[in-house]
Amino acid sequence: MPTKAALRTSDVMRQAHARLRRGQLPVDLLDATIGRSWQRCLEHGLTPGSRPELPRLSGGELRDRRDAHRRLIELADPLVRRVADDLRGCQLLLAGPDATVLKSYGRRFVINDRFCIAPGINLDERWFGTNAPALAVIERAPVLVKSSEHLLFPDNPVSCVAAPLFDVGGDCLGLIDLTFAADHPRPEIFLRRVQQLTGALEQQLFRAHYQQRWVLQVHASLAELDGVACGLVAINDAGLILAVDPQAAQWLGREAATLIGQSIEALLGSAWGEMRRQCEGRSALLGLDLAGGQLVGRLNPPEAWQPATLEGEAREGTSVSVATKPRSAPEQPLEALVVAWPEALAREARRASRALAAGLPVLLQGETGTGKEQLARALHAGLGGVHGKAGPFVALNCAALPESLIEAELFGYGEGAFTGARKGGYGGRLVQANGGTLLLDEIGDMPLALQARLLRVLQERVVTPLGDHREVPIDCRVIAASHRDLEARVAAGDFREDLFYRLAGVVVELPALSQQHQLAETIRRRWAALCRRHRRELALDEALCERLAAYDWPGNWRELEHCLEVALVGAEPELGCLTLEVLSPRWQRKLAGPASAERVAATPASDAGGDQALRDLEQAHMRRTLEAHDGNVTAAARALGVSRSTLYRRLGAEP
Ligand SMILES: Nc1ncnc2c1ncn2[C@@H]1O[C@H](COP(=O)(O)OP(=O)(O)OP(=O)(O)O)[C@@H](O)[C@H]1O
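Because the structure is predicted, anything quoted here is derived from the model rather than measured.

**What to know about the overall build of the protein**
Within the protein, the secondary structure is distributed over 27 helices and 22 strands. Counting the 655 residues in the protein, one finds 40% classified as buried. Restricting the contact set of the protein to residue pairs at least 6 apart, pairs at least 24 apart contribute 64%.

**Quick look at the site of the ligand**
By nearness alone, 13 residues border the ligand, and Thr-368, Gly-371, Glu-373, Gln-374 and Trp-557 come closest of all. Counted by class, the shell around the ligand contains 1 nonpolar, 8 polar and 4 charged residues. In terms of domain composition, the shell around the ligand takes at least three residues from each of domain 3 (336–509) and domain 4 (513–601).

**Remarks on the sheet that holds strand E1 (residues 91–95)**
The 5 strands lie next to each other as E2-E1-E7-E6-E5, forming an open sheet whose pairing is antiparallel. Two strands in the sheet have a free side with no partner beyond their single neighbour: strand E2 (101–106) and strand E5 (143–145). The sheet shows a mean angle of 20 degrees between the axes of neighbouring strands, direction not considered.

**Describing the environment of Thr-437**
By the secondary structure assignment, Thr-437 is in strand E16 (residues 437–441). Here Thr-437 falls in the buried class, since 25 other C-beta atoms lie within 10 Å of it. Considered as a pair, Thr-437 and Ile-479 are 42 residues apart in the sequence and their alpha carbons are 7.2 Å apart. Leaving out residues up to four positions away in the same chain, Thr-437 has contacts with His-380, Phe-393, Cys-476, Arg-477 and Ile-479.

**Quick word on the packing of helix H20 (residues 519–533) against helix H22 (residues 556–570)**
Orientation of H20 relative to H22, taken along the N-to-C sense of each, is 45 degrees, at an axis distance of 10 Å. When the axes of H20 and H22 are compared, the pair comes out oblique. Judged by the sense of rotation from one axis to the other, the crossing of H20 with H22 is right-handed. Contacts from Arg-526, Trp-527, Leu-530 and Cys-531 of H20 reach H22 at Leu-560, Leu-564, Glu-565 and Leu-568. In terms of residue class, the contact of H20 with H22 is built from 6 nonpolar, no polar and 2 charged.

**Observations regarding unusual backbone geometry**
Even without being a glycine, Glu-442 presents a positive backbone phi close to 50 degrees. Position of Glu-442 among the secondary structure elements: in the loop between E16 and helix H17 (448–460). Positive phi, normally seen in glycine, also occurs at Arg-461, with a value near 60 degrees. Position of Arg-461 among the secondary structure elements: in the loop between H17 and strand E17 (462–463). On the basis of neighbour counts, which here come to 12 C-beta atoms within 10 Å, the residue Arg-461 falls in the exposed class.

**Here's the deal with the environment of Glu-367**
Along the polypeptide, Glu-367 turns up in the loop between strand E14 (362–365) and helix H14 (372–387). On the neighbour-count criterion, Glu-367 (22 C-beta atoms within 10 Å) is buried. The spatial distance from the C-alpha of Glu-367 to the C-alpha of Leu-510 is 7.7 Å, given a sequence separation of 143 residues. Beyond its immediate stretch of four places on either side in the chain, Glu-367 contacts His-483, Ala-512 and Asn-556.

**Focus on the pairing of strand E19 (residues 477–482)**
Within E19, 6 of the 6 residues are buried, leaving the element largely enclosed by the surrounding structure. Here E19 shows a buried face lined by Arg-477, Ile-479 and Ala-481 and a second buried face lined by Val-478, Ala-480 and Ser-482. Here E14 pairs with E19 via 4 bridges, running parallel. Pairing of Leu-364 across the sheet is with Ala-481, part of E19.

**Digging into the nonpolar core**
With 52 residues, the main nonpolar core has Val-161, Ala-162, Ile-176 and Val-194 as its most contacted residues. The element contributing the most residues to this core is strand E6 (residues 158–166), with 6 residues. Membership of the second largest hydrophobic core comes to 50 residues, among which are Leu-379, Ala-395, Cys-398 and Leu-454.

**As for the sheet that holds strand E15 (residues 393–397)**
Read from one edge to the other, the open sheet built from 5 strands follows the order E15-E16-E19-E14-E20, with strand pairing classed as parallel. Where the open sheet ends on each side, the last strands, each with one partner, are E15 and strand E20 (506–509). Recorded for the sheet is a direction-independent mean angle of 15 degrees between the axes of neighbouring strands. Here E15 pairs with E16 via 5 bridges, running parallel. Note that in E16 the partner of Phe-393 across the bridge is Thr-437.

Scoring rules and cut-offs
Per-chain numbering applies: the sequence of each chain, read as written, is numbered from 1 onward. Local features are withheld for residues below a pLDDT of 70 in this predicted model, meaning they are given only at 70 or higher, and side-chain atom pairs are given and counted only at 80 or more; totals for whole chains, interfaces and linings count all residues. Helix and strand labels come from DSSP, where a helix needs a run of H or I of at least four residues and a strand needs a run of E of at least two; each type is numbered from the N terminus. Three exposure classes are used, all based on how many other C-beta atoms lie within 10 Å of a residue's own C-beta (placed from the backbone): buried at 20 or more, exposed at 12 or fewer, and partly exposed between those limits. Contact between two residues is assigned whenever their backbone-derived C-beta positions fall within 7 Å. Only the C-beta atom matters for nearness: placed from the backbone, it must lie within 6 Å of the molecule or strand for the residue to count as near. Classification convention: Asp, Glu, Lys, Arg as charged; Ala, Val, Leu, Ile, Met, Phe, Trp, Tyr, Cys, Pro as nonpolar; all other residues, Gly among them, as polar. How far each domain reaches was decided by an automatic or database domain assignment. A pair of strands is considered paired only if DSSP assigns at least 2 bridges between the two. Axes here refer to lines fitted to C-alpha atoms; in helices the fit is confined to the stretch in contact. Angles between the N-to-C directions go from 0 to 180 degrees. By definition in this entry, angles of less than 35 degrees are roughly parallel, angles greater than 145 are roughly antiparallel, angles of 65 to 115 are roughly perpendicular, and the rest are oblique. By convention the crossing between two helices is left-handed if the near helix lies anticlockwise of the far one by an angle smaller than a right angle, and right-handed if it lies clockwise. Only buried residues count toward a nonpolar core: Ala, Val, Leu, Ile, Met, Phe, Trp, Tyr and Cys, linked into one set through C-beta atoms within 7 Å.

Without other data, these values stay purely geometric and don't point to any function.
What follows is the structure in structure tokens.
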């Protein structure tokens, strides 16, 4: 996985290339994965000036190669094709385990006016230098290679992400690469996307292999139990563990090899025979004894388990019963989520759940990483438990799609509506969500013209696909989410007031972590939960906890979870107490940074005037930093330890 992400900005990379030209390998400026790759490239005699000749298969050879990798192509092609349809403007590659491109989808980028990455080309690091497909195979992990990190192409107009795909035996079947314009502000979105893709495909392989076995799904969050991030354990009729996929091993905090051949009873916390009787042909939801009851599981009898769809849609047709261990098994997804929330916020979430069940829309507001999607999924899943079937959960990120595509994606299109339209047309997300829930994520980024169309659809409850004149009825619950202040956008004329009121049936404002009253307490709780999950006994130093509580957390829960988990997992085995000094230099810098120090000195967060003063102080500091970097937002954001979009947002400017 990528590290040193904060350093991967274009000016740092310019310095890195300058150092390279002077004959030094700038490992301290590079992500660890990229540094290793640059080193290998230099050992292969490559330099930024090298002009490689790429081996390319002839037509006949390519046919043979595709034939040899038929299993990979048959498995991945339909899903990759669908994603390529969704992500117009990107190129997707399906490649074999030696990084030979087997298929290319979507746009064809040309690199250095010379290289068009087409089927038959081999992208081995030895001639093409640092690139995501080659690295994903070497590292056996998903990778992001930003434009100028491609050693041979410092002015590369594209960045790429790639993830390897493993079969149940751990053999690499090949990889999926996604290449996109280098100026995209959130390349991590693509990394997540490609991981979701390989995750969904690996689940399909698992299912094909263990269809006749019992399958236990494992995750820490009930809302994500049916998604691609859940771990899978295959069990035979006698209750012996046959296989544990890498995600399950991670969730359970155990090496797969130590679990295989063991009885499943230790994980389930009850007798296998009893468990089987309770399942009686249905899937059963349970709290897991292992990992201190912090995990939830779903036990599926043979044939009952279905892999997650790419969007993690809720599966239909799986009857769910809550069984065993009522002590630790959450009764309802929403309750499991809000159990540790401040009471006022939990009350709002429950109000939203009732509103959604009654057909009213729900709007979730909050900065990035505050848990909007997690809450949306829990609200949806809760409807299944309380009101019968939850139906499908369909999420659409309005910010990640180009304007031209959102329309087709939301409303669908008829056959032949435009060049490249699918044969038979496409129903669109609104229709897909019929009988279920549609999450309109980042709705604040929806263009005005589309807002008018969406409003009409929500009012009339029928949709007319592009290039078609038939009206299709829609009947789905709607949750909208945005990190933007929608009322402020309405006031600025960027968001339609009538659409705002149509979406804002119940509004839940998820607070930024920095606004939490007892953040230190929250951090202690999360730390304890993580220690249980990873089966480690490591104390959290009180002074460090205070520092963490004083930090600004621009990435909110996502950043906090990441910081704590990385610190825990990376700590020396004999360490007894985690202190500031043993954190990575990057986190030491962040926690000693000005934002943190200012917050330590600031008045309590409950004081509204204090909040404003703090925001003013923060803005002033950000403006000064921006000036000190001659208006270079990237450099200023790096110096402040926040993302560019956070800096824009905090300064009230548009990216
Ligand atoms: N209350 C919470 N406790 C622990 N972890 C949480 C909590 N809320 C969210 N998270 C974790 O934080 C991460 C981000 O959550 P989520 O994707 O729901 O946020 P978001 O607000 O939708 O972010 P974005 O706007 O960037 O899409 C997830 O990994 C989620 O599991």
